[in-house]
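# Tertiary structure, described
Residue-level listing of the chains:
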Amino acid sequence: MMNFIKQLFAIEKHPKKGLLALEWVMIGYWALTLLIVFFTYTKAANPDEMIWGRVRVAAITSGMWAVYRMLPCRLTLFLRITVQMALLGWWYPDTYEINRMLPNLDHLFAHWEQDVFGCQPALLFCKAMPWPVVSELMSMGYAAYYPMIVVVVIYYFLFRYKDYQRASFVVMAAFFAYYLVYIFLPVTGPTFYYNAVGIDNIVNGIFPNVHDYFNYYQDCLATPGYKDGVFYQMVESAKAAGERPTAAFPSSHAGISTVLMLLAWRTGDRRLFYVLLPFYVLLCLSTVYIQAHYAIDLIAGLVTGVALYYALMWIGKRVA
């Protein structure tokens, strides 16, 4: 333990002078979205709040850089990266503030879902398996999303420190890649769309265009399943705290968790991979079960997750 504490505070011999690779990714996204806000200032619902939010993000990033430069050690690097990852929670609802200015596309995706599967899996999955044990397993899988991120990133920090910055870059860049898609592809997912148009329409294969409905209404369906379950309540609380009608296609839950599983495999520690594997499977299935995503969102998330992992690992080898 004492040796670990010494390592945390040991001054690095060759500290990074400029921004980290993951911070450059954030700055690129920051700059692009700031330009979008400026050009759509009169159409945006909360442009001043969005601009000042970005000012605060820049100030936080500068502050963490300064702390690291004053004491360049593992601990301050960890804090610097952790702060950027924590800010992902702020960037997520921000996608809604931009894409709400575009026409909603759920009617097209619900149509494609029907064409591909001949039904709406998000409507039928939970009805086919409504039992409390299945409901709780699905909710547990969905709730495992952020703990999986924490476990994989901290594992790299503790046991694969030389690859820590690269792994963190891959996770952060994957998030921002999905956020960029969500800005220009306003799809809310079944829980919002089904609620907006009515279940009867969905059952009858009618998928109305809701246009700018989600500019004014953000109500969604209650999560299906065992309402007295502990994990069910965790999912409902998370939805109430920060869910927005945005970010359905492709499923970042499926995509990011796929990136995490590939990172876990790359560590060489098969115990880490196999411990996470059941949570990964449940998480992917749960995206459709709890009606957060269409099945095509899940498939797209799996495919893009693999593609992003290999692309970003290649980039990360050169910049992180």
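Definitions and limits used
- Position numbers for residues start from 1 in each chain and track the written sequence from start to end.
- Only residues with pLDDT of 70 or above have their local features reported here, since the model is predicted, and side-chain atom pairs are shown and tallied only from 80 upward, although totals for entire chains, interfaces and linings are computed over all residues.
- Computation of side-chain values covers all heavy atoms of the structure but excludes hydrogens and water.
- Under the DSSP-based scheme used, a helix requires at least four consecutive residues in state H or I and a strand at least two consecutive residues in state E, with every element numbered from the N terminus.
- The globule rule is 2.2 Å times the number of residues to the power 0.38, and the radius of gyration it is compared with is taken over C-alpha atoms.
- Throughout this description, buried means an accessible area under 20% of the type-specific maximum (1.4 Å probe, protein chains only), exposed means over 50%, and partly exposed covers the range between.
- Here a residue-residue contact requires only that any non-hydrogen atoms of the pair lie within 4.5 Å.
- In this description, accessible areas are obtained by the Shrake-Rupley approach with a 1.4 Å probe, and a residue is regarded as covered only by the protein chains that are shown.
- Asp and Glu count as negative and Lys and Arg as positive, but His and the ends of the chain are not part of the count.
- Charged groups are reduced to one reference atom each: NZ for lysine, CZ for arginine, CG for aspartic acid, CD for glutamic acid.
- Think of each axis as a best-fit line through the C-alpha atoms, taken over the contacting stretch in the case of a helix, with angles from 0 to 180 degrees between the N-to-C directions.
- Crossing handedness: left-handed means the near helix sits turned counterclockwise from the far one by under a right angle, and right-handed means the same turn made clockwise.
- In this classification, Asp, Glu, Lys and Arg are treated as charged, Ala, Val, Leu, Ile, Met, Phe, Trp, Tyr, Cys and Pro as nonpolar, and every other residue, Gly included, as polar.
- Should an angle fall under 35 degrees it is taken as roughly parallel, and over 145 as roughly antiparallel, whereas 65 to 115 is taken as roughly perpendicular and any remaining angle as oblique.
- In what follows, salt bridge is the name for a side-chain nitrogen of Lys or Arg lying within 4 Å of a carboxyl oxygen of Asp or Glu.
- Put simply, buried Ala, Val, Leu, Ile, Met, Phe, Trp, Tyr and Cys residues joined by side-chain atoms within 4.5 Å make one nonpolar core.
- Stacked, edge-to-face and tilted are the three classes for Phe, Tyr and Trp ring pairs, Trp counted by its six-membered ring, which pair at centre distances within 6.5 Å; planes under 30 degrees apart are stacked, over 60 edge-to-face, the rest tilted.

## What to know about the overall build of the protein
When its secondary structure is counted, the protein shows 16 helices and 0 strands. Compactness check: the protein gives a C-alpha radius of gyration of 21 Å against a globular reference of 20 Å for 320 residues, within 12% of the reference. With respect to the three principal axes, the spread of C-alpha positions in the protein is 65 × 50 × 35 Å. Buried positions account for 51% of the 320 residues belonging to the protein. Considering only intrachain contacts with a sequence separation of at least 6, the fraction spanning at least 24 residues in the protein is 83%. For the protein, the accessible surface area stands at approximately 15,000 Å², while carbon and sulfur atoms represent 69% of it. Here the protein contributes 23 positively and 19 negatively charged side chains, and the mean placements of these two sets differ by 19 Å.

## As for the side chain of His107
Among the structural elements, His107 can be located in helix H6 (residues 106–117). Exposure remark for His107: the relative accessible area of 13% places this residue in the buried category. Not counting residues within four places of it along the chain, the set of residues in contact with His107 comprises Tyr193, Phe207, Pro208 and Asn209.

## A closer look at the packing of helix H15 (residues 270–289) against helix H16 (residues 295–319)
Running from N to C, H15 and H16 point in directions that differ by 145 degrees, and their axes come no closer than 8 Å. Note that H15 runs across H16; the crossing there is right-handed. Together, Tyr280, Cys284, Thr287 and Val288 of H15 and Ala295, Leu298 and Leu302 of H16 make up the contact between the two elements. Taken together, the residues of the contact of H15 with H16 sort by class into 6 nonpolar, 1 polar and no charged.

## Quick word on the environment of Phe159
In this fold, Phe159 is placed in helix H9 (residues 145–159). Separated by 121 residues in the primary sequence, Phe159 and Phe38 place their C-alpha atoms 44 Å from one another.

## Some words on the side chain of Asp94
With respect to the secondary-structure elements, Asp94 resides in helix H5 (residues 88–99). Asp94 sits in the buried class, given a relative accessible area of 4%. What Asp94 contacts, discounting residues up to four positions off in sequence, is Met50 and Arg54.

## What about unusual backbone geometry?
In this structure, the amide linkage connecting Phe249 to the following residue, Pro250, adopts the cis form with an omega of -10 degrees. Located in the positive-phi region is His211, a residue other than glycine, with phi close to 55 degrees. In this fold, His211 is placed in the loop between helix H12 (199–203) and helix H13 (230–242).

## Comments concerning the packing of H5 against helix H10 (residues 164–184)
As a packed pair, H5 and H10 sit with axes 9 Å apart at the nearest point and diverge in direction by 15 degrees. What the angle tells us is that H5 and H10 run roughly parallel. Seen from above, H5 lies across H10 with right-handed handedness. In contact with Leu88, Trp91, Tyr92, Thr95, Ile98 and Asn99 of H5, H10 contributes Met172, Phe175, Phe176, Tyr179, Tyr182 and Ile183. Looking at the contact of H5 with H10 residue by residue, the classes come out as 10 nonpolar, 2 polar and no charged.

## Quick notes on the pattern of salt bridges
Taken as a whole and judged by the stated rule, the model has 7 salt bridges. Here Arg100 ties to Glu97 by a salt bridge, and the two come within 3.1 Å at their closest N and O atoms. For Arg100, a relative accessible area of 14% gives the class buried. What makes Glu97 buried here is its relative accessible area of 14%. Where Lys239 meets Glu236, a salt bridge forms, and the shortest distance between an N and an O atom there is 3.3 Å. In this pair, Lys239 and Glu236 both sit in helix H13, 3 residues apart, roughly one turn of the helix.

## Observations concerning the nonpolar core
Counting residues in hydrophobic clusters, the biggest one holds 95 residues, and the most contacted among them are Tyr164, Tyr179, Tyr193 and Leu263. Element by element, the count of residues in this core is highest for H10, at 14 residues.

## Side note on the packing of aromatic side chains
Per the counting criterion, the structure on display carries 27 aromatic pairs. On the numbers, 4.8 Å between centres and 40 degrees between planes, the contact of Tyr29 with Phe176 is tilted. Placement of the pair is Tyr29 in helix H2 (residues 21–39) and Phe176 in helix H10, with a sequence separation of 147 residues. Neither Tyr29 nor Phe176 differs from the other in exposure class; each is buried. Ring centres of Phe78 and Phe157 lie 4.7 Å apart, and the angle between their planes is 40 degrees; on these two criteria the pair is classed as tilted. Note that Phe78 is positioned in helix H4 (residues 74–86) and Phe157 in helix H9, a separation of 79 residues in sequence. There is no split in this pair, since Phe78 and Phe157 are both buried. Among the aromatic residues, those joined into a ring-pair cluster are Tyr29, Trp90, Trp91, Tyr92, Tyr145, Tyr146, Phe175, Phe176 and Tyr179.

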